Amino acid sequence: LQRQPMVTMDDGADLISMLHTDRRDLLDDVIGGTEETTTGVIRLRAMEADGTLAVPVVAVNDAMTKHFFDNRYGTGQSTMDGILRATNVLLAGKTFVVIGYGWCGRGIARKAAGIGAHVVVVEVDPLKALEAVMDGYRVTDMAEAAAIGQMFVTATGNLHVINGSHFAAMPDGAIVANAGHFNVEIDIKALQAMAESVALVRAGVEEYKLPNGRRIYLLAQGRLVNLACAEGHPAEVMDMSFANQALSIKWLVAGAGENRPAKVYAVPEEIDKQVAELKLKAMGVKLQELSEEQRKYLASWALGTTD
Ligand SMILES: NC(=O)c1ccc[n+]([C@@H]2O[C@H](COP(=O)([O-])OP(=O)(O)OC[C@H]3O[C@@H](n4cnc5c(N)ncnc54)[C@H](O)[C@@H]3O)[C@@H](O)[C@H]2O)c1
């Protein structure tokens, strides 16, 4: 069988990880790859930093036309969709805790607030915490949020952001879900160890009874609630992510002869712009063009006024 040059298209860096471990024999044929999500890009950067990464990879997630829209509006909407389909609870008036105020968290918080929930944000990054405060949300730490929250959604890409002590503090009936990449954000083992009983009460909803008499409802076993309990992001937002994937692959293949160093690359700015322009066109939205006079004014360092 003749070996063909290959490219990889990943979502979470699992394929790249496999190529660097179990299937190293295929690595020589790989021109490069693309990576869809935040968690995958973090893993690739770690591979680049310790010198493990053997092929160039484009961080599609970092394109503005990806994370600004897919992570924020796509995850925001589909996470609410997943929670509502699974539980059918009334969100208006509920205290809704969003853990992680990154691109996904911002989207989830905004949708929850839009439907009338009281949003509480938990963040570790001072800038993002401050942004959440000025966006109008209550910001606090997990210890306090656990005691006041009625619904909890994790979107951090991090490990055990909800742990046993948080479950112990939650009020009766608390609903807990994850929208981050893996099912590690919620310490499910700790919850299982604490619980006196577990019962599936609706599709995708497990009721954990704790010794303190309170019940915790875990959605989708801590997996991505928007995928497990709904249908993921609408196609109208994934189109931009996939356009970035396709155009980045084209860019990689076009430059295959250049022997690009094995590192994590940004999506070229012209691709990002092209995707935004195409999306606007598809939506029938008109873009204002700069006049020649305005172009000249912006390009000049001498002109402060027009006098
Ligand atoms: N569900 C989906 O369909 C979907 C879509 C896109 C991305 N994701 C995943 O969602 C996760 C978040 O993505 P993002 O683009 O918002 O990332 P991001 O880096 O923009 O945001 C993550 C935020 O979590 C914060 N954080 C980290 N540890 C924390 C902790 N212990 N407590 C509170 N905050 C903490 C970080 O400071 C950061 O602001 C990633 O795992 C990503 O792969 C999921």
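Treat the numbers as computed from the prediction; the structure is a model and nothing was measured.

A.B. asks: Describe the overall build of the protein chain, listing the residues and the values that go with them.
C.D. replies: Each helix and strand in the protein chain was counted, giving twelve helices and twelve strands. Across its three principal axes, the protein chain shows a C-alpha extent of roughly 70 × 65 × 35 Å. Within the protein chain, the fraction of its 307 residues that count as buried is 45%. Intrachain contacts of the protein chain at a sequence separation of at least 6 include 66% that bridge at least 24 residues. Across the protein chain, 29 positive and 38 negative side-chain charges occur, with their mean positions spaced 3 Å apart.

A.B. asks: So what about the layout of surface pockets? Which residues, and what values?
C.D. replies: Of the volumes computed, that of the largest pocket is approximately 950 Å³. Around the largest pocket sit 46 residues that line it, and Thr-38, Cys-104, Ala-155, Gly-157 and Gly-180 are the ones nearest its centre. Every element with two or more residues in the lining of the largest pocket is listed here: β1 (6-10), α2 (38-49), α3 (64-87), α4 (103-114), α9 (225-228) and α10 (235-254). Of the residues belonging to the lining of the largest pocket, the class tally is 17 nonpolar, 19 polar and ten charged.

A.B. asks: An account of the packing of α3 against α4 is requested, with residue identities and associated values reported.
C.D. replies: How two helices sit against one another is set out by the angle between their axes and by the gap between those axes. As a packed pair, α3 and α4 sit with axes 7 Å apart at the nearest point and diverge in direction by 45°. With respect to α4, the axis of α3 lies oblique. Helix-helix and strand crossings are classified by hand; for α3 and α4 the assignment is right-handed. Mapping the contact onto sequence places His-67, Phe-68, Asn-71, Arg-72, Tyr-73, Thr-75, Gly-76, Gln-77, Thr-79 and Met-80 in α3 and Trp-103, Cys-104, Arg-106, Gly-107, Ile-108, Arg-110, Lys-111 and Ala-112 in α4.

A.B. asks: An account of the site of the ligand is needed here, citing residue identities and associated values.
C.D. replies: Near the ligand you find 26 residues, and of these Thr-38, Thr-39, Asn-71, Glu-123 and Ala-179 are the closest. Here an oxygen atom of the ligand sits 2.8 Å away from a polar atom, N or O, in the side chain of Asn-71. The side chain of Lys-128 places a nitrogen or oxygen atom 3.1 Å from an oxygen atom of the ligand. Here the ligand loses 87% of its free accessible area of 860 Å² to cover by the protein chains.

A.B. asks: With reference to specific residues and values, describe helix α5 (residues 126-134).
C.D. replies: Two or three places before Leu-127, at the start of α5, stands the capping residue Asp-125, its side-chain oxygen 2.8 Å from that residue's backbone nitrogen. Just downstream of α5 lies Gly-136, where phi reads positive at about 100°.

A.B. asks: I'd like a rundown of the nonpolar core, residues and numbers included.
C.D. replies: Formed by 28 residues in total, the largest nonpolar core has its most connected members in Ile-83, Phe-96, Ile-108, Val-119, Tyr-137 and Leu-219. Elements with a minimum of two residues in this core: α3, β4 (95-99), α4, β5 (118-122), β7 (151-154), β8 (174-178) and β11 (215-219). Considering every element that reaches this core, the biggest residue donor is α4, with four residues. Not counting chain neighbours up to four residues away, the residues in contact with Tyr-137 comprise Tyr-101, Ala-109, Arg-110, Ala-113, Val-119, Val-121 and Ala-132. In terms of nonpolar packing, the next biggest core, distinct from the first, is built from 22 residues, Met-142, Ala-146, Phe-152 and Leu-210 among them.

A.B. asks: Outline the sheet that holds β1, supporting the account with residue identities and numerical values.
C.D. replies: If you walk across this open sheet you meet the four strands as β1-β2-β3-β12, and the pairing is parallel. Two strands in the sheet have a free side with no partner beyond their single neighbour: β1 and β12 (264-266). Each strand axis lies, on average, 25° off the axis of its neighbour in the sheet, ignoring direction. In the packing of α10 onto the sheet, contacts are made with β1, β2 (30-35), β3 (57-59) and β12, and the angle to β2 comes to roughly 155°.

A.B. asks: Give me the lowdown on the packing of aromatic side chains, citing residues and values where you can.
C.D. replies: Evaluated as defined, the whole model comprises five aromatic pairs. On the numbers, 5.9 Å between centres and 70° between planes, the contact of Tyr-101 with Tyr-137 is edge-to-face. Of this pair, Tyr-101 sits in the loop between β4 and α4 while Tyr-137 sits in the loop between α5 and β6 (138-139), and the two are 36 residues apart along the sequence. Accessibility expressed as a relative area gives 1% for Tyr-101, which makes it buried. Here Tyr-137 falls in the buried class, since its relative accessible area comes to 13%. Grouping aromatic residues by their ring pairs yields a cluster made of Phe-68, Phe-69, Tyr-73 and Trp-103. The positively charged end of Arg-72 is found above the aromatic ring belonging to Phe-68, 4.7 Å away from the centroid.

A.B. asks: Describe in detail the sheet that holds β7, supporting the description with residues and values.
C.D. replies: Here eight strands make up an open sheet; going across it, the order is β6-β5-β4-β7-β8-β11-β10-β9 and the pairing mixed. Bordering the open sheet on either side are β6 and β9 (197-202), each of which pairs with just one other strand.

A.B. asks: So what's going on with the pairing of strand β10 (residues 205-209)? Which residues, and what values?
C.D. replies: Within a regular strand, the side chains alternate between the two sheet faces. Counting buried residues in β10 gives four out of five residues, a clear majority hidden from the surface. Direction of pairing for β9 relative to β10: antiparallel, over a ladder of five bridges. Residue pairing across strands places Ala-199 opposite Glu-207, the latter belonging to β10. Where β9 folds back on β10, the antiparallel hairpin that results is connected by two residues, among which Gly-204 adopts a positive phi of roughly 80°. One ladder, built from five bridges, connects β10 with β11; its direction is antiparallel. Opposite Tyr-208, over in β11, you have Ile-216 as the bridge partner. Counted along the chain from β10 to the antiparallel partner β11, the turn is five residues long, and its residue Gly-213 has a positive phi close to 85°.

Rules of the game
- Residues numbered from 1 in each chain as written.
- Predicted model: local features only at pLDDT ≥ 70, side-chain atom pairs only at ≥ 80, totals over all residues.
- Heavy atoms only, no water.
- Helix = DSSP H or I, 4+ residues; strand = E, 2+ residues; numbered from the N terminus.
- Buried < 20%, exposed > 50% of the residue type's maximum accessible area, 1.4 Å probe, protein only.
- Contact = heavy atoms within 4.5 Å.
- Lys, Arg positive; Asp, Glu negative; His and termini not counted.
- Charge placed at Lys NZ, Arg CZ, Asp CG, Glu CD.
- 1 Å grid on protein atoms, 1.4 Å probe; cavity = no way out; pocket = protein on both sides within 12 Å on 5 of 7 lines; lining within 4 Å.
- Points joined across faces, edges and corners; volume = space filled by probe spheres on them.
- Nonpolar A, V, L, I, M, F, W, Y, C, P; charged D, E, K, R; others polar.
- Axes fitted to C-alpha atoms, helices over the stretch in contact; angles between N-to-C directions.
- Parallel < 35°, antiparallel > 145°, perpendicular 65-115°, else oblique.
- Left-handed = near helix turned anticlockwise from the far one by under 90°.
- Near = heavy atom within 4 Å.
- Polar contact = N/O pair within 3.5 Å; in protein donor to acceptor, adjacent residues only side chain to side chain.
- Areas by Shrake-Rupley, 256 points an atom, 1.4 Å probe, with all protein chains shown as cover.
- Core = buried A, V, L, I, M, F, W, Y, C linked by side-chain atoms within 4.5 Å.
- Pairing = 2+ DSSP bridges.
- Phe/Tyr/Trp six-rings, centres within 6.5 Å; stacked < 30°, edge-to-face > 60°.
- Lys NZ or Arg CZ within 6 Å of the ring centre and 35° of its normal.

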